[in-house]
Amino acid sequence: MQEQVTQLVEEQAALRRVATAVAGGAHPEEVFELVTEEAGQLLGASSAGMIRYEADEKSAVVVGRWHGTGPPGMEVGTRIPVSGDTGVAHVLRTGKPVRIDSFEGRSGWIAEEMHRLGFSRSVSAPITVAGRIWGAVIVAAAGEEPIPVETETRLSEFADLVALALSSASARQELIESRARIVEAGDAARRRLERDLHDGAQQRLVSLALTLRLAADALRTDAERGREMLDAARTELDHAIDELRELARGIHPAVLTERGLAAAVALLAGRSEVPVKLSVTTERFPSAIEAAAYFVVAEGLTNVARYSEASGASVSISHLDGRLVVEVEDDGRGGADAGRGTGLRGLADRVEVLDGTLSLESPEGEGTRLRAEFALNE
């Protein structure tokens, strides 16, 4: 009994050390090294290792290794084939832990190599990340001492911590990349706004100021000429106001704040070069969600006009089961790829900041559907 209690305490301590490293944001390679060491020592193995399956699932790479008094095992970086009657092949095939009680007579390069190195038995446990078998943790023993019966379960707990570390590292990297894209998009938007103001409304206002000075001079000597110049100045002022309104609409349309999503989307549809059918709820929603939904529609309709070669499009915005669902569809040529441009990536960042999702379906020749969903706290 005392031995079992001691074993449990040691196991919890080992798992806690690994969990602390994972929670502290340790680099995956550091976690690989720590897990193989802790698992190997705790389970009384001669050697422990970790492999990562390659994308083709025909080979794997050793990413972690620890050895005690037995054979050293395979070096980190060793590429091994995934084939034959081996634990590595079994884990990939079934997604379950596997015990090998003897390598003698088993087929496959790994079995032959383990036997050559002097190992007699092993246990392997899968590392599953995002529903996919990423790799495996392996403990191996030399000599005749059997590996304890509960090793599969205990090793799986270490494998789960590795999966958590990999998921956390991936999430951190995605967050860093997302932040970088948001900063880049913000800088690009400011540069575009500065350029549009300089080349558009600013130039018109400078021209207007000059025209008004000339008109004031002309009114003293030629009233008719002065009136003509004032008419020209009024026209120039109307153009400048229109351009400023267009710029403001691109930043945040006033109609969205004043009259809501349905009215703002109706204006977008009215300006579209492609006929658009609307099915839009008139409910009001939190301003941040309304703004994101508006820009989903704006980006979707812009892409329809530029790339789809569609004869028609539709916009649907509905409140379903506590979610705001936004869809922009067209009957164009399809083949859109969210990874090609920055527009959809930036849009995805905007949506995900609000805990929403953005998806794109665009099979060749079958049109495109852009869909966003936002959770509503009701």
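Calculation criteria
- Residues numbered from 1 in each chain as written.
- Predicted model: local features only at pLDDT ≥ 70, side-chain atom pairs only at ≥ 80, totals over all residues.
- Heavy atoms only, no water.
- Axes fitted to C-alpha atoms, helices over the stretch in contact; angles between N-to-C directions.
- Helix = DSSP H or I, 4+ residues; strand = E, 2+ residues; numbered from the N terminus.
- Parallel < 35°, antiparallel > 145°, perpendicular 65-115°, else oblique.
- Left-handed = near helix turned anticlockwise from the far one by under 90°.
- Contact = heavy atoms within 4.5 Å.
- Pairing = 2+ DSSP bridges.
- Salt bridge = Lys/Arg side-chain N within 4 Å of Asp/Glu carboxyl O.
- Buried < 20%, exposed > 50% of the residue type's maximum accessible area, 1.4 Å probe, protein only.
- Patch = residues over 30% accessible without salt bridge, like charges linked within 9 Å, V, L, I, M, F, W, Y side chains within 5 Å.
- Areas by Shrake-Rupley, 256 points an atom, 1.4 Å probe, with all protein chains shown as cover.
- Lys, Arg positive; Asp, Glu negative; His and termini not counted.
- Charge placed at Lys NZ, Arg CZ, Asp CG, Glu CD.
- Phe/Tyr/Trp six-rings, centres within 6.5 Å; stacked < 30°, edge-to-face > 60°.
- Core = buried A, V, L, I, M, F, W, Y, C linked by side-chain atoms within 4.5 Å.

K.L.:
Hey, could you go over the packing of helix H8 (residues 261-271) against helix H9 (residues 287-308) for me, with residue numbers and the actual values?
P.N.:
One can describe the packing of H8 onto H9 by two numbers: an axis separation of 10 Å at closest approach and a directional angle of 15°. On the basis of their axis angle, the class for H8 and H9 is roughly parallel. For the element pair H8 and H9, the recorded crossing hand is right-handed. Here Leu-261, Ala-264, Val-265, Leu-268, Ala-269 and Arg-271 of H8 lie close against H9, whose contacting residues are Glu-290, Ala-293, Tyr-294, Val-297, Ala-298 and Leu-301.

K.L.:
Pulling in residues and values, what's your account of the sheet that holds strand S7 (residues 276-280)?
P.N.:
Across the sheet, five strands lie side by side as S7-S8-S9-S11-S10; this open sheet has mixed pairing. Two strands lie at the open edges of the sheet, namely S7 and strand S10 (357-361), each paired on one side alone. Taken over all neighbouring pairs, the strand axes of this sheet differ in orientation by 10° on average, direction set aside. Sheet analysis places S10 next to strand S11 (residues 368-375), joined by five bridges and oriented antiparallel. Bridge pairing links Glu-361 to Arg-369 in S11. Running over the sheet, H8 touches S7, strand S8 (313-320) and strand S9 (323-330) and is turned about 175° from S7.

K.L.:
Give me the lowdown on the pattern of salt bridges, citing residues and values where you can.
P.N.:
Pairing between side chains of opposite charge can happen when the charged atoms of each approach one another. On inspection of all chains with the given rule, the structure shows 17 salt bridges. Residue Arg-369 pairs with Glu-361 through a salt bridge whose shortest N-O separation is 2.9 Å. For Arg-369, a relative accessible area of 25% puts it in the partly exposed group. In the salt-bridge network here, residues are joined through shared partners; they are Arg-323, Glu-327, Glu-361, Arg-369, Arg-371 and Glu-373.

K.L.:
Which residues make up the environment of Arg-306, and what are the values?
P.N.:
If you trace the backbone, Arg-306 turns up in helix H9. Here Arg-306 falls in the exposed class, since its relative accessible area comes to 59%.

K.L.:
Report on a negative patch on the surface, specifying residues and quantitative values.
P.N.:
A cluster of acidic side chains, namely Glu-29, Glu-30, Glu-33 and Glu-37, defines a negative patch on the protein surface. One can find Glu-37 in helix H2 (residues 28-42).

K.L.:
Let's hear about the side chain of Thr-151: which residues, and what values?
P.N.:
Locating Thr-151 in the fold gives a position in helix H5 (residues 151-221). Relative accessible area serves as the criterion here: at 0%, Thr-151 is assigned to the buried category. Thr-151 has contacts with Leu-43, Arg-99, Val-123 and Val-139, leaving out every residue within four places of it along the chain.

K.L.:
Account for the pairing of strand S1 (residues 47-53), naming residues and giving values.
P.N.:
Buried residues dominate S1, accounting for six of its seven residues. Of the pairings in the sheet, the one linking S1 to strand S2 (residues 59-67) comprises seven bridges and is antiparallel in character. Bridge pairing in S2 places Met-50 opposite Gly-64. Remark: five residues form the turn of the hairpin made by S1 and S2, two consecutive strands paired antiparallel; Glu-57 in that turn has positive phi of roughly 60°.

K.L.:
Would you mind going over the environment of Gly-105 in detail, with residue names and values included?
P.N.:
Checked against the element boundaries, Gly-105 lands in the loop between strand S4 (98-100) and helix H4 (109-117). Separated by 10 residues in the primary sequence, Gly-105 and His-115 have C-alpha atoms spaced 9.3 Å apart.

K.L.:
Which residues make up a nonpolar patch on the surface, and what are the values?
P.N.:
Together, Leu-205, Leu-237 and Ile-241 make up a nonpolar patch on the protein surface, roughly 210 Å² of accessible area in all. Tracing the sequence through the fold places Ile-241 in helix H6 (residues 223-251). Under the relative-accessibility criterion, Ile-241 is labelled partly exposed at 33%.

K.L.:
Now, about the packing of aromatic side chains: what can you tell me, with residues and values included?
P.N.:
Tallied over the entire structure, the rule returns one aromatic pair. An angle of 85° between the planes, with centres 5.2 Å apart, marks the rings of Tyr-294 and Phe-295 as edge-to-face. Of the residues examined, Tyr-294 reaches a relative accessible area of 3% and is grouped as buried.

K.L.:
Describe the pairing of strand S6 (residues 132-142), naming the residues involved and giving the relevant values.
P.N.:
Regular strands place their side chains on alternate faces of the sheet. Counting buried residues in S6 gives nine out of 11 residues, a clear majority hidden from the surface. Bridge count between S1 and S6: six bridges; the pairing is antiparallel. In the strand pairing of S6, Met-50 is matched with Val-137. Across 10 bridges, strand S5 (residues 119-129) lies against S6 in antiparallel orientation. Considered in S6, the bridge of Phe-119 is made with Ala-142. The hairpin turn running from S5 into S6, its antiparallel successor, is two residues long, and Ala-130 in that turn takes a positive phi close to 55°.

K.L.:
Describe unusual backbone geometry, with residues and values.
P.N.:
With a phi close to 50°, Asp-321 is a non-glycine residue in the positive phi region. Looking at the element boundaries, Asp-321 is found in the loop between S8 and S9. For Asp-321, a relative accessible area of 75% gives the class exposed. With a phi angle near 65°, Asp-355 is a residue other than glycine that sits in the positive phi range. Tracing the backbone through its elements, the reader meets Asp-355 in the loop between helix H10 (342-353) and S10.

K.L.:
Which residues make up the nonpolar core, and what are the values?
P.N.:
Grouped together as the largest cluster of nonpolar side chains are 36 residues, with contacts concentrated most on Val-297, Leu-324, Val-326 and Phe-374. Put simply, the parts of the chain that give this core at least two residues each are helix H7 (254-259), H8, H9, S8, S9, H10 and S11. Broken down by element, the residue count for this core peaks at 11 residues, all from H9. The residues contacting Leu-324, other than those within four sequence positions of it, are Leu-261, Phe-285, Ile-289, Ala-293, Ile-317, Ser-318, Ala-372, Glu-373, Phe-374 and Leu-376. Counting residues in hydrophobic clusters, the runner-up holds 28 residues, among them Val-31, Leu-42, Ala-48 and Val-129.

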